[in-house]
Structure formats: C-alpha cells, structure tokens
Amino acid sequence: MAPSPFSRLGAAARLLELGWRVRIRLDPVIVEGGIEGMEAYRDICKQIKGLGPERVTVGTLRQYPGLYRFAPDAPRSGLGKAPDGRMRYPVAVRVKVYRMLADWFGCQWPHG
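In this numbering scheme, every chain counts its residues from 1 along its sequence in written order. Where local features are concerned, this predicted model is filtered to residues with pLDDT of at least 70; where side-chain atom pairs are given and counted, the filter is 80 or more; whole-chain, interface and lining totals use all residues. Side-chain measures were taken over the full set of non-hydrogen atoms in the model, leaving aside hydrogen atoms and water.

Once that is clear, we can look at the pattern of salt bridges. A pair is scored as a salt bridge if a Lys or Arg side-chain nitrogen falls within 4 Å of a carboxyl oxygen belonging to Asp or Glu. Per the stated rule, a full pass over the model turns up 7 salt bridges. Residue Arg23 is joined to Glu54 by a salt bridge in which the shortest nitrogen-to-oxygen separation is 2.7 Å. Of the two residues, Arg23 sits in strand E1 (residues 23–29) while Glu54 sits in the loop between helix H2 (42–51) and strand E2 (55–60), which places them 31 residues apart along the sequence. A 1.4 Å probe rolled over the protein chains alone gives each residue an accessible area, and that area as a share of the maximum for its type sets the label: buried under 20%, exposed over 50%, partly exposed in between. Taking the relative accessible area as the measure of exposure, Arg23 reaches 48% and is therefore partly exposed. We note a salt bridge from Arg88 to Asp84, for which the minimum N-O separation is 2.5 Å. A cluster of three or more residues bridged by salt bridges with shared partners is formed by Arg21, Arg23 and Glu54. Counting from the N terminus, the helices are DSSP H or I runs at least four residues long and the strands are E runs at least two residues long.

Right, here's the structure in full:
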C-alpha cells in the first residue's frame, strides 16, 4: 500500500531540509460531484504551497476506455472520449480545475 499524500509531503519536507531538490506531482485530480467536489484538494494544495517545492505538476484524470473491463469501479463521472482515444474531462472543466488549483497554489493564471 502506498503512503498517504500527507505522509509523502512529510517525506518531501525532510528531503528539502537535507538540501534535496523536490518536485511534486498532483495527479490524477479527480472531479467527483462537479467542480464543487474540488474543495477536497484545497488543503493538500495549501500544504504543497507551504512546502515550497521547485516545481508542481498537476494533471486531471485520463484513462483508456478499456480500463473499465479490469476496474469496473474506476471513476468515470464526467469523462468523455477525447480525440486521442482516452476518456477525459471536457476542456472547459479542466480549465476550471487548473484555475482553481493555480489559485490555491498562489500562482498567476495567464489571461485569455
């Protein structure tokens, strides 16, 4: 079993104290119950921001349609087939998610 995200952040903090370069990947971000369900990510984003890693990479859920044969309980709410053949959230949803996360990380979102 993998350590919890908060346990991993604790390990990252210790590595930073020892002088290591630390990068964080928050992936996959799963939008359950619409954008309102994103509140669950606020705390982890604030902790990541407080940690001060050199880079944070985020990604929303994407998966191949065949996954459901092997994992019938895999999240699928709101996903649609994208041009690359994977199941993804619509672009408008992803933009809202990334704007929200950027705000919680304290990043400026480009205009446009």
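Whether two strands pair comes down to DSSP finding at least two bridges between them. Strand order in the open sheet formed by 3 strands is E3-E5-E4, with antiparallel pairing between adjacent strands. Among the strands making up the open sheet, the edge pair consists of strand E3 (62–63) and strand E4 (80–81). Looking at chain direction, E3 and strand E5 (residues 87–88) are connected through 2 bridges and run antiparallel. By the bridge assignment, Gln63 is partnered in E5 with Met87.

Here the focus is helix H1 (residues 5–17). It helps to recall that an α-helix has 3.6 residues per turn; residues three or four apart then point in one direction. Expected span of a helix: the number of residues minus one, times 1.5 Å. In this model, H1 (13 residues) spans 19 Å end to end at C-alpha, consistent with the 18 Å of a helix rising 1.5 Å per residue. Within two residues after H1, Gly19 carries a phi angle of roughly 95°, on the positive side.

On the surface, Leu15, Leu18 and Trp20 cluster together to form a nonpolar patch covering roughly 370 Å² of accessible area. Tracing the backbone through its elements, the reader meets Leu15 in helix H1. Here a patch means residues that are over 30% exposed by relative accessible area and free of salt bridges, tied together within 9 Å if like-charged and within 5 Å if nonpolar (Val, Leu, Ile, Met, Phe, Trp, Tyr). A 1.4 Å probe and the Shrake-Rupley method give the accessible areas. Residues count as covered only by the protein chains that appear here.

A word on unusual backbone geometry. Following Asp27, the chain continues into Pro28 via a peptide bond in cis, with omega recorded as 5°. Within the secondary structure, Pro28 is located in strand E1.

Once that is clear, we can look at the nonpolar core. For the purposes of this section, nonpolar cores are sets of buried Ala, Val, Leu, Ile, Met, Phe, Trp, Tyr and Cys residues that join through side-chain atoms within 4.5 Å. Judged by nonpolar contacts, the single largest core of 23 residues is most densely connected at Met38, Tyr41, Cys45 and Leu101. Elements with a minimum of two residues in this core: H1, E1, H2 and helix H4 (91–105). When near neighbours in sequence (up to four residues on either side) are disregarded, Tyr41 contacts Leu26, Pro28, Val29, Ile30, Leu101 and Trp104. We call two residues in contact whenever any of their non-hydrogen atoms come within 4.5 Å of each other.

Our next topic: the packing of H2 against H4. Angles run from 0 to 180 degrees between N-to-C directions of axes, and those axes are lines fitted to C-alpha atoms, restricted for helices to the stretch in contact. The N-to-C vectors of H2 and H4 enclose an angle of 45°; their axes lie 8 Å apart at closest approach. As far as their axial angle goes, H4 and H2 are oblique. Along this stretch, H2 crosses H4, giving a crossing that reads as right-handed. When H2 is examined against H4, the residues Arg42, Cys45, Ile48 and Lys49 are found in contact with a partner set consisting of Leu101, Trp104 and Phe105. Convention used here: angles under 35 degrees read as roughly parallel, angles over 145 as roughly antiparallel, angles from 65 to 115 as roughly perpendicular, and any remaining angle as oblique. For any pair of crossing helices, the crossing counts as left-handed if the nearer helix is rotated counterclockwise from the farther one by less than a right angle, and right-handed if it is rotated clockwise.

Along the polypeptide, Gln63 turns up in strand E3. A relative accessible area of 8% places Gln63 in the buried class. We call two N or O atoms a polar contact when they sit within 3.5 Å, provided that within protein one can donate a hydrogen and the other can accept it, with sequence-adjacent residues counted only if both atoms are side-chain atoms. Among the polar contacts listed, one links the side chain of Gln63 to the backbone oxygen of Pro75, at a separation of 2.8 Å. With residues near it in sequence (within four places) discarded, Gln63 still touches Tyr68, Ala74, Pro75, Leu79, Arg86 and Met87.

Interpretation note: all reported values are geometric properties and have no functional meaning in isolation.
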